[in-house]
Amino acid sequence: MTHSGRDNWGSRIGFVLAAAGSAVGLGNLWKFPYLTWDNNGGAFVLVYLLAVVIIGLPLMMSEILVGRSTQLSPVPAFTKLGGRRWSGVGWLGVASGAVIQSYYMVIAGWSLRSFVQCLGWSIKGYVTPADGDFDAFLSNGSLQIGLTLLFTLFTAIIVYRGIGGGIEKATKVLMPALLAILLYLVFTTFTMEGRNEALAKIFIPDFSKLPREGFLEAVGQAFFSLSLGLGAMIAYGSYLGKKESIFKSALWVVVLDTIVALLCCIAMFTIIYSVPGLQNRISGSTIGMLFITLPDLFYTKMPGGILLGPLFFVLVAFAALSSTISLGEVTTSLLIDQKGWRRSHATLATTSVVFIGSILAALSLGASGILSSFSLFEGKEGVLSTLDHLAANWMLPTGGFLITLFVGWKLGRKFCMDELGLEKPNLAFTVWLWIVRVVAPAAVLILLINVIMGKDFS
Ligand code: PFF
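Procedures and definitions
- Residues numbered from 1 in each chain as written.
- Predicted model: local features only at pLDDT ≥ 70, side-chain atom pairs only at ≥ 80, totals over all residues.
- Heavy atoms only, no water.
- Helix = DSSP H or I, 4+ residues; strand = E, 2+ residues; numbered from the N terminus.
- Rg over C-alpha atoms; globule rule 2.2 N^0.38 Å.
- Buried < 20%, exposed > 50% of the residue type's maximum accessible area, 1.4 Å probe, protein only.
- Contact = heavy atoms within 4.5 Å.
- Areas by Shrake-Rupley, 256 points an atom, 1.4 Å probe, with all protein chains shown as cover.
- Lys, Arg positive; Asp, Glu negative; His and termini not counted.
- Charge placed at Lys NZ, Arg CZ, Asp CG, Glu CD.
- Patch = residues over 30% accessible without salt bridge, like charges linked within 9 Å, V, L, I, M, F, W, Y side chains within 5 Å.
- Salt bridge = Lys/Arg side-chain N within 4 Å of Asp/Glu carboxyl O.
- Expected span 1.5 Å × (residues − 1).
- Bend = angle between axes of the 7 residues up to and from the residue.
- Axes fitted to C-alpha atoms, helices over the stretch in contact; angles between N-to-C directions.
- Parallel < 35°, antiparallel > 145°, perpendicular 65-115°, else oblique.
- Left-handed = near helix turned anticlockwise from the far one by under 90°.
- Nonpolar A, V, L, I, M, F, W, Y, C, P; charged D, E, K, R; others polar.

A few words on the overall build of the chain. When its secondary structure is counted, the chain shows 19 helices and zero strands. For the chain, whose C-alpha radius of gyration is 21 Å, the value lies close to the compact-globule estimate of 23 Å for 458 residues. By principal-axis analysis of the C-alpha atoms, the chain measures approximately 60 × 50 × 45 Å. Put simply, the chain has 458 residues, and 60% of those count as buried. Considering only contacts within the chain whose residues lie at least 6 apart along the sequence, 80% involve residues at least 24 apart. For the chain, the exposed surface amounts to about 17700 Å²; the carbon and sulfur share of it is 66%. Across the chain, the mean location of the 31 positive side-chain charges is 11 Å away from that of the 24 negative side-chain charges.

What follows covers unusual backbone geometry. Most of the time, phi is negative for any residue but glycine, and the peptide bond is trans. Backbone geometry places Gln 71, a non-glycine residue, at a positive phi of 55 degrees. Structurally, Gln 71 can be placed in the loop between helix H3 (42–70) and helix H4 (74–82). Even without glycine at this site, Ser 227 takes up a positive phi of about 55 degrees. Looking at where Ser 227 falls in the secondary structure, it is placed in the loop between helix H10 (212–225) and helix H11 (232–237). Given a relative accessible area of 11%, Ser 227 falls into the buried group.

Along the polypeptide, Ser 87 turns up in helix H5 (residues 84–124). In this structure Ser 87 comes out as buried when scored by relative accessible area, which is 11%.

Here we take up a nonpolar patch on the surface. Residues Leu 46, Leu 50, Val 53, Ile 54, Phe 207, Trp 409, Trp 434, Val 438 and Val 439 make up a contiguous nonpolar surface patch of about 780 Å² in total accessible area. Within the residue set of the nonpolar patch, elements represented by two or more residues are H3 and helix H19 (427–453). Looking at which element gives the most residues to the nonpolar patch, the answer is H3, with four residues. For Val 439, the position within the fold is in helix H19.

Next up on the list: helix H15 (residues 305–339). Compared with the 51 Å implied by 1.5 Å per residue over 35 residues, the 49 Å span of H15 between its first and last C-alpha is a close match. At Thr 332, H15 shows its maximal kink, close to 30 degrees. With 27 of its 35 residues buried, H15 lies for the most part within the structure. Gly 340 lies just past H15 and shows a positive phi near 70 degrees.

A few words now on the pattern of salt bridges. Side-chain pairs of opposite charge can arise whenever the charged atoms involved come near each other. Counted according to the given criterion, the structure contains eight salt bridges. Put simply, Asp 388 and Lys 31 hold a salt bridge, and the shortest N to O gap is 2.9 Å. Taken as a pair, Asp 388 in helix H18 (residues 383–419) and Lys 31 in helix H2 (residues 26–38) lie far apart in primary sequence, 357 residues in all. With its nearest N and O atoms 3.4 Å apart, the salt bridge here joins Asp 133 to Arg 113. Of this pair, Asp 133 sits in helix H6 (residues 133–138) while Arg 113 sits in helix H5; the two residues are 20 residues apart in sequence, bridging distant segments of the chain. Three or more residues joined by partner-sharing salt bridges are found here, namely Arg 68, Lys 242 and Glu 419.

The next thing to look at is the packing of H4 against H5. Across the interface, H4 lies against H5 with an axial gap of 7 Å and an inter-helix angle of 160 degrees. Taken as axis vectors, H4 and H5 run roughly antiparallel relative to one another. Regarding H4 and H5, the two cross each other, and that crossing is right-handed. Two secondary-structure elements touch here, H4 through Pro 74, Val 75, Phe 78, Thr 79 and Gly 82 and H5 through Arg 84, Trp 86, Ser 87, Val 89, Gly 90, Trp 91 and Val 94. Class assignment of the residues belonging to the contact of H4 with H5 gives a composition of seven nonpolar, four polar and one charged.

Structure (structure tokens):
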């Protein structure tokens, strides 16, 4: 595909919102709060924030740079710049995208159930769900598959139609709406008594409470939440105009994504510490925290909650959709760019393959004994948790490690300076380059080696 034949984002803000749409998703709303809870708070958050600054931002710039300079999707982009040997990095990204997409669709489906549930409560009145209600929902195999299928179809339709005007237009409205509701949510929770306990839990680090795997999970979460390590930002960056600043675009995405994750975590922890009995309801399945904690707030404490409840879960679904679209685009554009397939055929093929993975993930939440007890990693039971751990904590960091080496050493100083629009290297550029060349890959490598060797960090 050539430069002249491709769409561009209408403006930097268009790119920023679409890229932020990819970044902001279930990772922020669902995964960050529950991982923070599981890893005992503060220290996990601090490692996460360090990973965002030291690895996330420089890597985001690197991916956008590769995409924009080639105007190609990941596999052909690496092939063009680095020859066939480097195309493997693109393939790893595509595999990561397919793995994430397969289980992400299942969680995204939960937002549809919460929407319908909230709508029912808004019309008929709120009934506090029984303990174990969410677990019963998880074990309902046909419902899990049905919701997943619905979400898969929504995604496929948009990917099939191409990302151009659609995504850009939708995210321009939806992202600010999501942010506004989130702010209102945090504002409301700030009047609740659990606020101080929540803030202390999130912001006061205690490294003795961070499990060893927690380091890897924090770094993995930074990759996952920022959509890094698999080439999604290469694909989106390939549509960015040559005049836009890569640094500013990347910074915006990183800041927005991090703010949303923290706000959501603050809101959920405050509710948990304020509502009696809620801890019991989430204790069995922290994985469903988002879907358990917030309805309580909407229907018992929040002015206007009756309206905001259903609306919030619509926005969660949209946040998830803007992420699944970017994942779908990575896998689908491969078949289009690399194999010359028509978009319709490519979408159908990738959607079908991914859906098989989704079925396995959907049945691994209790419906099927074998799939639910399947385990490759200690403490991660079931296909869904295993795929999530594999992709976020191993595949994405490995992809990110290779991408930073590629940009730092293979493309090198001159290439990067040209693409960043610099005539002479300045201090900021030099710092960035050495982070990309040494600091970021070394941090990821040391972490992976330590976890593999089972070294105890605490
Ligand atoms: N960043 C998304 C989230 O936080 O929900 C998940 C994701 C989307 C990961 C796209 C990777 C990706 F390419």
